[in-house]
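Structural features, examined
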Amino acid sequence: MKIENQFNLGRFIRATIRKDGTHHVFMSVPSALRPSGWPATITLPQEGAKVGSLKNPKFLARVQKAAHTLNTRLEARRDLDKTYQSQGKKNTRAVAEIYFRTKRFRDLSPSRQYRNRRDAKIVIDWAERRGDPDFADFVKADFEDLLANYDDREFAQLDIRSILNVLCKEAVTANFRADNPVESIKWTAPEPVEEIVLWKLPAVEAYAAMARQMGQPGLAALMQVGIVVGQRLGDLRTAKHGVNYRGGRFQVVQSKTGEKVSIPLNAKLKALIDEARVEGSPFLFNDGDTGTGYTASRLSARFTEVRDAMSKEGDPKMVLRSLRHSAVCVMVDNKVPLRNIAAVTGHRLGRVNRIIERYAIDTDGFADEAMKIVNRGAGGEDSDFDATDFGADRDWEGGSKATYKRPRISEDRPGRYLGALLGQHRLKHVAPTDWPADCQDEESGTQAA
């Protein structure tokens, strides 16, 4: 009796016995039945150990589950191909639909999936306005024409170029076209609109203290852990007990790059995570309002309230997303080797170097310290230097740093503004009878009664 029938592995699933008695299990779809872009063979199971014996119930169960998933995807792809073939469509929409069904797309974070669908729709609409030709009919000049519409919006242009590159790769895989002209369209990442202000450890501690005072211990712990582990906000806010944190280690498969990092946490950070734990929630960092993990919008809103309470007009504008780059620079300050930094943050060494080039040399005063060391060697003293830094409010290319602008007072919602200003949680604050003297609305000149 054939192995696949003996163990009921499913359609197109085959198995062979190795010399050591283990089984090589794979899906093999005949070329006549194989959808465009579908591999000739796929080893099962796709996740976890691929070597095992079908006589082992656990390995057999994993293989059967993977086989069922693959067959479901196969039928969906075959139905999709039949639809396009019956309509004679190999257009941009067809390529996009193929991409949306790939594992590459499904592995993206929800927010990135949303952005890729949004950008793909822009390309589809552009193609349909040009008569909706087959995707293979577009040449490099056509794609450059589309990108030219975004010359004044560099970040949007980069997103469109990125999705065009993805669609061209899928079209090549699906045999819709033979080349990828987007690869020859050179690009460079645009410079940030505003210079990112780095976090220092004392600033993180101060903001964390304010967050706790405002009823957000989860936000406080997220910031204090984030400045140490240097992970992306999306990976931090979705981190869970027993998955990303166990045995005193923080571990994550990074949502953007797929890099795996595993970081031991010290006693202080472990205590912060334990203190911020909310019964019934699996998340490490929880919103004080909802009692569960932060969404991206709620995390932004809660941090904005803390920043309103901490900042004065004209202060550097602190943003949460800079915690990741700040963590790199903190480790550089503490003489951590570059490869160790990369192992913690999941950056490539080249990217770590670029972060250091962008921030550490001037922002952290390395040049000042170098001159003082040389001066001391010549018998001088640090007091020989003028302490004034005329460029402190500008980056090395002369661009203005981001600065905080205090929000306007809303007479309809005075409690929210004053709650932040006085370091109280907005939902627990009762507006006082009189506004503080410095709460006068500078534009209208009015005060709340």
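Not measured: the values here are computed from a predicted model.

In this section: the packing of helix H6 (residues 140-148) against helix H7 (residues 154-173). As a packed pair, H6 and H7 sit with axes 9 Å apart at the nearest point and diverge in direction by 155°. Compared by their axis directions, H6 and H7 come out roughly antiparallel. Classified by chirality, the crossing of H7 by H6 is right-handed. Contacts between H6 and H7 involve Phe143, Leu146 and Leu147 from the former and Gln157, Ile160, Arg161, Leu164 and Cys168 from the latter. For the contact of H6 with H7, the residue count by class is six nonpolar, one polar and one charged.

In this structure the tally under the stated criterion is eleven aromatic pairs. Relative to Phe100, the ring of Tyr99 has its centre 5.7 Å away and its plane inclined at 45°; by these criteria the two rings are tilted. Phe100 shares its class with Tyr99; the two are buried. Here the aromatic cluster, defined as three or more aromatic residues joined through ring pairs, consists of Trp126, Phe135, Phe138 and Phe143. A cation over a ring is seen here: Arg117 above Phe100, with NZ or CZ 4.2 Å from the ring centre.

On to the pairing of strand E6 (residues 260-264). Here E6 shows one buried face, formed by Val261 and Ile263, and one open face, formed by Lys260, Ser262 and Pro264. The pairing of strand E5 (residues 249-253) with E6 spans five bridges and is classified as antiparallel. Bridged to Phe250 within E6 is Ile263. Hairpin remark: E5 followed by E6, antiparallel, with six residues in the connecting loop; positive phi at Gly258, about 80°.

Position of Ala174 relative to the elements: it lies in the loop between H7 and helix H8 (201-213). For Ala174, a relative accessible area of 6% puts it in the buried group. As a C-alpha pair, Ala174 and Val95 span 79 residues in sequence and 8.2 Å in three-dimensional space.

A few words now on the nonpolar core. Membership of the largest hydrophobic core comes to 53 residues, with the highest contact counts inside it found for Trp199, Leu219, Met223, Phe285 and Phe303. Looking at which element gives the most residues to this core, the answer is helix H9 (residues 217-229), with eight residues. With near-sequence residues (within four places) excluded, Leu219 lies in contact with Ala211, Tyr294, Leu299, Arg302, Phe303, Val306 and Leu320. Counting 30 residues, the second largest nonpolar core, distinct from the first, contains Phe143, Val166, Ala171 and Val182.

Let's shift gears to unusual backbone geometry. In this chain, Leu44 is followed by Pro45 through a cis amide linkage whose omega measures -10°. Mapped onto the elements of the fold, Pro45 is located in the loop between strand E3 (41-44) and helix H2 (57-87). With phi around 55°, Asp132 is a residue other than glycine that occupies positive phi space. By the element assignment, Asp132 lies in the loop between helix H5 (110-129) and H6. Take Asp132: its relative accessible area is 23%, and that puts it in the partly exposed class. Of note in the backbone geometry, Asn175 takes a positive phi value of approximately 60° without being a glycine.

Okay, the pairing of strand E2 (residues 23-28) next. In this structure, strand E1 (residues 13-17) lies alongside E2, joined through five bridges in antiparallel fashion. Paired with Thr16 across the bridge in E2 is His24. In sequence, E1 turns back onto E2 through a hairpin of five residues, with Gly21 there showing a positive phi of about 95°. Pairing geometry for E2 and E3, over four bridges, is antiparallel. Note on E3: the bridge partner recorded for Met27 is Ile42.

Attention now moves to the packing of helix H13 (residues 323-333) against helix H14 (residues 338-345). Two elements in contact, H13 and H14, have axes whose closest approach is 10 Å; the angle formed by their N-to-C orientations is 150°. As summarised for this structure, H13 and H14 are arranged roughly antiparallel, according to the angle between their axes. Crossing geometry of H13 relative to H14 is assigned as right-handed. Residues Arg324, Val328, Met331 and Val332 of H13 form the contact with H14, whose own contacting residues are Ile341, Val344 and Thr345. Its residues assigned to classes, the contact of H13 with H14 shows five nonpolar, one polar and one charged.

How each quantity is defined
Residues numbered from 1 in each chain as written. Predicted model: local features only at pLDDT ≥ 70, side-chain atom pairs only at ≥ 80, totals over all residues. Heavy atoms only, no water. Axes fitted to C-alpha atoms, helices over the stretch in contact; angles between N-to-C directions. Helix = DSSP H or I, 4+ residues; strand = E, 2+ residues; numbered from the N terminus. Parallel < 35°, antiparallel > 145°, perpendicular 65-115°, else oblique. Left-handed = near helix turned anticlockwise from the far one by under 90°. Contact = heavy atoms within 4.5 Å. Nonpolar A, V, L, I, M, F, W, Y, C, P; charged D, E, K, R; others polar. Phe/Tyr/Trp six-rings, centres within 6.5 Å; stacked < 30°, edge-to-face > 60°. Buried < 20%, exposed > 50% of the residue type's maximum accessible area, 1.4 Å probe, protein only. Lys NZ or Arg CZ within 6 Å of the ring centre and 35° of its normal. Pairing = 2+ DSSP bridges. Core = buried A, V, L, I, M, F, W, Y, C linked by side-chain atoms within 4.5 Å.

Remember that the coordinates give geometry; whether it matters functionally is a separate question.
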